[in-house]
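# A structural walkthrough
Residues per chain are reported as follows:
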Amino acid sequence: FAEIDRVVFDKTGTLTLGTPSVTNAAQYRDDDLRVAASIAAVSRHPLSRAIVAAAEARLENIVAARSAVETAGAGVEADGARLGSATWCGLDDNTADGENGTVVWLTRPDAPPLAFHFDDALRPDAKAVIAELHRLGLPVSLLSGDRPDAVEAVATELGIEHAESGLSPKDKIERLEAWKAQGERVLMVGDGLNDAPALAAAHASLSP
């Protein structure tokens, strides 16, 4: 830990509180919300938990889909339905670019795609932590699987100059390996869920 010379952060649940809430659940029908929640119920990801919480606030008896399978860093699928990133759900750029901020998509056969939007506040000490790392002369990077506008907003608010979005767990490992090849010793700070492989690949790692 004392040897590190670069600090790399994940965003959701790391720089943010990790307790996001769905901001547009009211625009969807009960059946739509129930399907999304039944798929999300098998996942521990903060965004999945937020969808389940939104459904439970309106509906009763949310039952996890038995056939649901989670793909780390992408989403969850069950019975032909997918809940996750736009790319993983097979949506084209024109559809995805019409939405801003952090978005999770629900796609099903013979039904239009639905976008769930979230609000997730920064940790109260995030700005001070980044400022202290800069004071120590450590370069700071942000690697996230989230959308570009959501990642850029966090990076701008915290003063992080190098930020990348839309990354899979494999992409994050590739970034860490590239820094390692340049002789850098990276501290990876992530949530321990989707970021477990990247945490393992770093010189040192932390999970809040």
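Summary of the structure given here. What you see as residue numbers is a count from 1 along each chain, following the sequence as written. Only residues with pLDDT of at least 70 get local features here, since the model is predicted, and only at 80 or more are side-chain atom pairs given and counted; chain-wide, interface and lining totals rely on the full set of residues. Here the side-chain values reflect all heavy atoms present in the structure, with hydrogen atoms and water set aside.

### Comments concerning unusual backbone geometry
Where the residue is not glycine, phi is negative for most of them; where a peptide bond is considered, it is trans in most cases. Positioned with a positive phi, Asp 79 is a non-glycine residue whose angle comes to about 50°. The helix count covers DSSP runs of H or I at least four residues long, the strand count covers runs of E at least two residues long, and both are numbered beginning at the N terminus. Of note, Asp 79 is situated in the loop between β4 (75-78) and β5 (81-84). Unusually for a residue other than glycine, Asp 110 sits at a positive phi of about 60°. Position of Asp 110 among the secondary structure elements: in the loop between β6 (103-108) and β7 (111-119). Classification of residues uses two cut-offs on accessible area relative to the type maximum, computed with a 1.4 Å probe and protein chains only: under 20% is buried, over 50% is exposed, and between them is partly exposed. Relative accessible area serves as the criterion here: at 84%, Asp 110 is assigned to the exposed category.

### Examining the nonpolar core
Val 22, Ile 51, Leu 83, Phe 116 and Phe 118 are the most contacted members of the largest nonpolar core, which totals 36 residues. Residue assignment for this core shows that the elements contributing at least two residues are α1 (30-40), α2 (46-58), β4, β5, β6 and β7. With six residues, the single largest contributor to this core is α2. Residues are treated as being in contact if the distance between any of their heavy atoms lies within 4.5 Å. Leave out the neighbours within four places in its chain, and Phe 116 touches Val 22, Asn 24, Tyr 28, Leu 33, Ala 36, Ile 51, Thr 102, Val 103, Val 104 and Leu 106. We define the nonpolar core as a collection of buried residues of types Ala, Val, Leu, Ile, Met, Phe, Trp, Tyr and Cys that are connected through side-chain atoms lying within 4.5 Å of one another.

### Some thoughts on the pattern of salt bridges
Here the idea is simple: oppositely charged side chains can pair when their charged atoms come close. Salt bridges, as used here, are contacts in which a Lys or Arg side-chain nitrogen is within 4 Å of a carboxyl oxygen on Asp or Glu. Per the counting criterion, the structure on display carries 13 salt bridges. Two residues, Arg 6 and Glu 184, come together in a salt bridge whose shortest N-O distance is 2.6 Å. Of the two residues, Arg 6 is situated in strand β1 (residues 6-9) and Glu 184 in the loop between α6 (169-181) and β10 (186-189); the sequence distance between them amounts to 178 residues. The exposure class of Arg 6 is buried, given its relative accessible area of 12%. The salt bridge involving Asp 30 is made with Arg 58; its shortest N-O contact spans 2.7 Å. Within this pair, whereas Asp 30 is found in helix α1, its partner Arg 58 is found in helix α2, the two being separated by 28 residues in sequence. On the accessibility criterion, Asp 30 (38% relative accessible area) is partly exposed. You can call Arg 58 partly exposed: its relative accessible area is 35%.

### Overview of the environment of Leu 142
Position of Leu 142 relative to the elements: it lies in strand β8 (residues 140-143). Taking the relative accessible area as the measure of exposure, Leu 142 reaches 0% and is therefore buried. Between the alpha carbons of Leu 142 and Asp 10 there is a distance of 5.9 Å; along the sequence they are 132 residues apart. For Leu 142, the contacting residues outside a window of four places in its chain are Phe 9, Asp 10, Lys 11, Leu 15, Val 151, Val 154, Ala 155, Ile 160, His 162, Ala 163 and Glu 164.

### Considerations on α2
What a helix should span is 1.5 Å times the count of its residues minus one. In a regular helix each residue adds 1.5 Å, so 13 residues correspond to 18 Å; α2 covers 19 Å between its end C-alpha atoms and thus fits that length. The complete set of buried residues in α2 reads Pro 46, Leu 47, Ser 48, Ala 50, Ile 51, Val 52, Ala 54 and Ala 55. Buried positions along α2 lie against β2 (21-22), α1, β5, β6 and β7.

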